[in-house]
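Below, each chain spelled out in residue letters.
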Amino acid sequence: MWYSLGKKILKNRLAALLTLLVLTSIMGYYAAQVKLSYDFTRAVPTDNPKYVDYQNFLQKFGADGNTIVLGIESNSFFSKELFNKVSDLHKELKTVSGVTGVLSIPETVTLGTDSATGKLAPQKIFHHPYANQALLDSDRAVFESLPFYKTLLYNPETHAYLMGVSVNKDTINSKSRTRLVNDIVAKVTAFEKANQITIFQSGMPYIRTVMGNRIKEEMNIFLLASVLLSALTLFLFFRSISAVLMSLAVVLMGVVWSLGTIVLFGYKITLLTALIPILVVVIGIPNCIYFLNKYHTTYRELPDKNKALITMVGRMGIVTLFCNIAAAIGFAVFAFTKSALLKEFGLVAGINIMALFFISLLFIPAVLSYLPAPLPKHTRYLDNKFLEKVLVRIEKWTFKKANWVYGITAIVTIIAVLGIFRIKSEGFIVDDLPKKDKLYTDLKWFETQFQGLMPLEIIIDAKKSRGALKMETMLDIEEFSDYAKSKSEMARPLSIVEALKFANQGFYGGDSASYVLPLEIPASLSTALRSSNKNNGNSEFIKLISQFVDSNQQRTRISVNMKDIGSLKLPVLIADLEKKSASIFDSTKYHVTFTGSSVTFLEGSAFIIKGLKESIFWAFLLITLCMLYLFRSFKILVCSLIPNLIPLVITAGTMGWAGVSLKPSTVLVFSVALGIAIDVTIRFLINYKQELPHMNFKVAPTLVQTIRHTGISIIYTSLVLIAGFIIFCGSDFGGTFALGWLTSLTLVVGTLTNLVLLPVLINSFYSKGTVKK
């Protein structure tokens, strides 16, 4: 069948190339329309309780975590020169398109009773620009008498000051977010240069934008460098520019098709689908090498180009098909998870890995048929004396050193298993950043000065209209807030209670002793509060407190900023807070929900890790069934599984010993590792199966022939892929760095287990020396 297919491809080679050209042009048209996704909650299934809670929160209160924070640490903040400049910065930031508000010390207000109306009204504290330091000092004294702003906008012990820049949620979740953040940073940078002072910058929108842009730019650079380095390695092996260009064309078509598929399915590029081009390189390069290697070896034996190409398709077509099927299964199983992020990745990866097979099958023989027959220099790599010695040594190990192979494998595997028990599954919001990176150090500065920036929202549902503003509710919120404030991981909670205290202080003439929750709300104060809604003036304070109660006053929120404590400690902290809230809020009267973008972000990371773990298990099971169908032999099945399990175990064990945590950026290594290892196994075993009849079904000579014929292509493929992946070790991001060295390690281990251990296993299982026909 495959030989006949090879003849048909050569007969219709022009039609095959034109078909690929047309299809690639169509996919290229769609690929040009690909867009990035900025939705960070899609990793969580829509029926997940935490996802549902977060969506309900957004519906009632709008987005959280939409504030970029700026920090200044200076003893001279309240000097008239610097204070005036900070005031100017406030005004300039408000002019940036996409900025919805700025909360800073120069624009803070106090509350006082309006003599004409008798209602509470916001009154500006500061009156900049200042020409007189004494006047600024007087206004500063008023500001510092207001406990509401303490630890919210300033830390009196360290002279640290904070400015919050609220950004439009639609803008920050679109491609315009880079422009928005860059505009804000430009204003800040100009301020720093003009005043010779450092401004710390952080906040969820800032962190996500900067990290996303860095990863995107770095991945593009490293992917290009990886492909170029792989191309250089290919050239050193094959000494043929046409072979290199042909291989790159296969990979490029695969990338274009994958991007086009994303658009055709109505998807956008996510954290995971952005890795599909890397998978295309991992699958596409071996396809090209194995086809070329079989073409060259056949041409040397039978110097007829057409017959060599037909033999190439006949022998390697089925091998490549099952290798790509196994790899496609390994990733397509993600499509059966509940996570939209994993579903999209699995579906696009599975489809395009199979598409890559058809691209390779049609393109490579058609192009080679138009090129001149290979010259001696193009096949010189087949006579590599060093590799020949290596393969001869492998033959000796197979037949004479089997016990050594088993012993070394057992020792290394045991050490790896011990390492597996050391693996931690932990993720952070700012995962993978170097500890000296400004993005990381600035976040830690805010955690030190203001107890963190990661948003946690606690929703108190009083179960009836206007129930959220009852005095009983206020007292319970105050008790819970006091408990939360005692936690070292959390900042002072902000809620309607703090607003009431602030209003009470204003009602009683600004006396700081009156910053307490009144036992009952005076009628005049209630009237003033009802009039102080978001439409009453342009005060940033009024806008702030109006966000803490929903429209019918049934639900109120407690907003807490906390440190980036990681996915291991966060559930423990929330469980403790939930326990405390259950003891304070009567469950018959209130329903308390813990949510926020930090919770959903870490929940998404945990779900991705869990989904990848489960998918790897199902992928391994399905690949096992595929191998059983392909070889119809339980012995061969066992022989094939062991060399695939060991690279995964060694990779996992190495992660444990090296202290690399399981997180979304590292767990994908196992899927890539499985795809690489199973690819080599299938190619070796199918070649072994094809050689058996020619060797009268004798195991020993068949193994020797398989090692010599397949070994060179396996080694060259591994070297090319290692060259492609090792480049990622130059990354500053921990996840990208881990992808580089862990995948390279897996390639080395997978090559060794399939070239050394697999022949030993086959020889041991068939100790009689022959296989039944």
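Every value quoted in this text rests on a predicted model; they were computed, and no experiment measured them.

**Regarding helix H15 (residues 438-450)**
Count 3.6 residues to each turn of an α-helix, and residues three or four apart come out pointing the same way.
Here comes step 1: In a regular helix each residue adds 1.5 Å, so 13 residues correspond to 18 Å; H15 covers 17 Å between its end C-alpha atoms and thus fits that length.
Here comes step 2: Listing the buried residues of H15 in full gives Leu439, Tyr440, Asp442, Leu443, Trp445, Phe446, Glu447, Gln449 and Phe450.
Here comes step 3: Buried positions along H15 lie against strand E1 (67-73), strand E5 (154-155), strand E6 (160-167), strand E7 (199-202), helix H8 (204-238) and strand E8 (454-461).
Here comes step 4: Of the residues one or two after H15, glutamine 451 is the one with positive phi, at around 65 degrees.

**Here's the deal with a nonpolar patch on the surface**
Here comes step 1: Taken together, the side chains of Ile411, Ile414, Ile415, Leu418 and Trp657 present a nonpolar region at the surface, about 520 Å² in accessible area.
Here comes step 2: The element contributing the most residues to the nonpolar patch is helix H14 (residues 402-420), with 4 residues.
Here comes step 3: You can see leucine 418 is positioned in helix H14.

**Things to note about the confidence of the model for the protein**
Here comes step 1: Of all residues in the protein, 94% have pLDDT values of 70 or greater, and the mean over the chain is 84.
Here comes step 2: Scored below 50 in pLDDT, residues 525-529 shows 9 contacts in the model against residues more than four places distant or in partner chains.
Here comes step 3: Low pLDDT, under 50, characterises residues 532-540; the predicted model gives this stretch 14 contacts beyond four residues in sequence or across chains.

**Description of unusual backbone geometry**
Here comes step 1: For the peptide bond that leads from histidine 128 to proline 129, omega is 0 degrees, which places it in the cis range.
Here comes step 2: Inspection of the secondary structure assignment puts proline 129 in the loop between strand E4 (120-124) and helix H5 (133-144).
Here comes step 3: Phi angles above zero are rare outside glycine, and histidine 159 is one such case at about 60 degrees.
Here comes step 4: You can call histidine 159 partly exposed: its relative accessible area is 28%.

**Description of helix H3 (residues 49-61)**
Here comes step 1: Between its first and last C-alpha, H3 extends 18 Å over 13 residues, near the 18 Å set by a 1.5 Å rise per residue.
Here comes step 2: By the burial criterion, the buried members of H3 are Tyr51, Tyr54, Phe57 and Phe61. The arc that holds the buried residues of H3, viewed along the axis, is 125 degrees, so those residues lie on one side. Exposed residues pointing more than 90 degrees away from the buried face of H3 are listed as Pro49 and Gln59.
Here comes step 3: Contacts made by the buried residues of H3 are with E8, strand E9 (555-562), strand E10 (591-595) and helix H21 (597-631).
Here comes step 4: Capping of H3 at its N-terminal end is provided by asparagine 48; its side-chain oxygen lies 2.8 Å from the backbone amide nitrogen of lysine 50.
Here comes step 5: Residue glycine 62 follows H3 closely and has a positive phi angle near 85 degrees.

**Section: a positive patch on the surface**
Here comes step 1: On the surface, Arg393, Lys396, Lys400 and Lys401 cluster together into a positively charged patch.
Here comes step 2: Turning to its location among the elements, lysine 400 is positioned in helix H13 (residues 385-400).
Here comes step 3: The exposure class of lysine 400 is exposed, given its relative accessible area of 67%.

**Topic: the nonpolar core**
Here comes step 1: Residues Ile278, Ile682, Phe684 and Ile762 are the most contacted members of the largest nonpolar core, which totals 148 residues.
Here comes step 2: A per-element tally of this core places helix H12 (residues 340-370) first, with 16 residues.
Here comes step 3: Not counting residues within four places of it along the chain, the set of residues in contact with isoleucine 278 comprises Met219, Leu223, Phe725, Phe728 and Leu739.
Here comes step 4: Counting 96 residues, the second-largest nonpolar core is a separate cluster that includes Tyr149, Ile429, Ala484 and Ala503.

**As for the sheet that holds E9**
Here comes step 1: With respect to topology, 3 strands assemble into an open sheet ordered E9-E8-E10, the strand pairing being antiparallel. The sheet terminates laterally at E9 and E10, the two strands that pair on one side only. Averaged over all pairs of adjacent strands, the angle between their axes in this sheet comes to 20 degrees, without regard to strand direction.
Here comes step 2: Here helix H16 (residues 471-485) sits on the sheet in contact with E8, E9 and E10, set at roughly 10 degrees to E9.

**Observations regarding the packing of helix H22 (residues 634-658) against helix H25 (residues 734-765)**
Here comes step 1: For the pair H22 and H25, the least separation of the axes is 8 Å and the interaxial angle reads 150 degrees. Crossing hand, H22 versus H25: right-handed.
Here comes step 2: For the contact of H22 with H25, the class distribution of residues is 18 nonpolar, 7 polar and 1 charged.

**Comments concerning the packing of aromatic side chains**
Here comes step 1: Enumeration over the complete set of coordinates arrives at 31 aromatic pairs.
Here comes step 2: Ring centres 5.2 Å apart and planes at 85 degrees place the aromatic pair phenylalanine 77 and phenylalanine 78 in the edge-to-face group. Judged on exposure class, the residue phenylalanine 77 and its partner phenylalanine 78 are both buried.
Here comes step 3: Summarising the aromatic geometry, the rings of phenylalanine 143 and tyrosine 149 are spaced 5.4 Å apart at their centres and angled 25 degrees between planes, so their arrangement reads as stacked. Per residue, the accessibility class of phenylalanine 143 equals that of tyrosine 149, and both read buried.
Here comes step 4: Here the aromatic residues Phe77, Phe78, Phe83, Phe126, Tyr130, Phe143, Phe148, Tyr149, Tyr154, Tyr161 and Phe502 are joined through ring pairs into a cluster of three or more.

What counts and how
- Residues numbered from 1 in each chain as written.
- Predicted model: local features only at pLDDT ≥ 70, side-chain atom pairs only at ≥ 80, totals over all residues.
- Heavy atoms only, no water.
- Helix = DSSP H or I, 4+ residues; strand = E, 2+ residues; numbered from the N terminus.
- Expected span 1.5 Å × (residues − 1).
- Buried < 20%, exposed > 50% of the residue type's maximum accessible area, 1.4 Å probe, protein only.
- Contact = heavy atoms within 4.5 Å.
- Patch = residues over 30% accessible without salt bridge, like charges linked within 9 Å, V, L, I, M, F, W, Y side chains within 5 Å.
- Areas by Shrake-Rupley, 256 points an atom, 1.4 Å probe, with all protein chains shown as cover.
- Salt bridge = Lys/Arg side-chain N within 4 Å of Asp/Glu carboxyl O.
- pLDDT = per-residue confidence, 0-100.
- Arc of directions from axis to C-beta.
- Polar contact = N/O pair within 3.5 Å; in protein donor to acceptor, adjacent residues only side chain to side chain.
- Lys, Arg positive; Asp, Glu negative; His and termini not counted.
- Charge placed at Lys NZ, Arg CZ, Asp CG, Glu CD.
- Core = buried A, V, L, I, M, F, W, Y, C linked by side-chain atoms within 4.5 Å.
- Pairing = 2+ DSSP bridges.
- Axes fitted to C-alpha atoms, helices over the stretch in contact; angles between N-to-C directions.
- Left-handed = near helix turned anticlockwise from the far one by under 90°.
- Nonpolar A, V, L, I, M, F, W, Y, C, P; charged D, E, K, R; others polar.
- Phe/Tyr/Trp six-rings, centres within 6.5 Å; stacked < 30°, edge-to-face > 60°.

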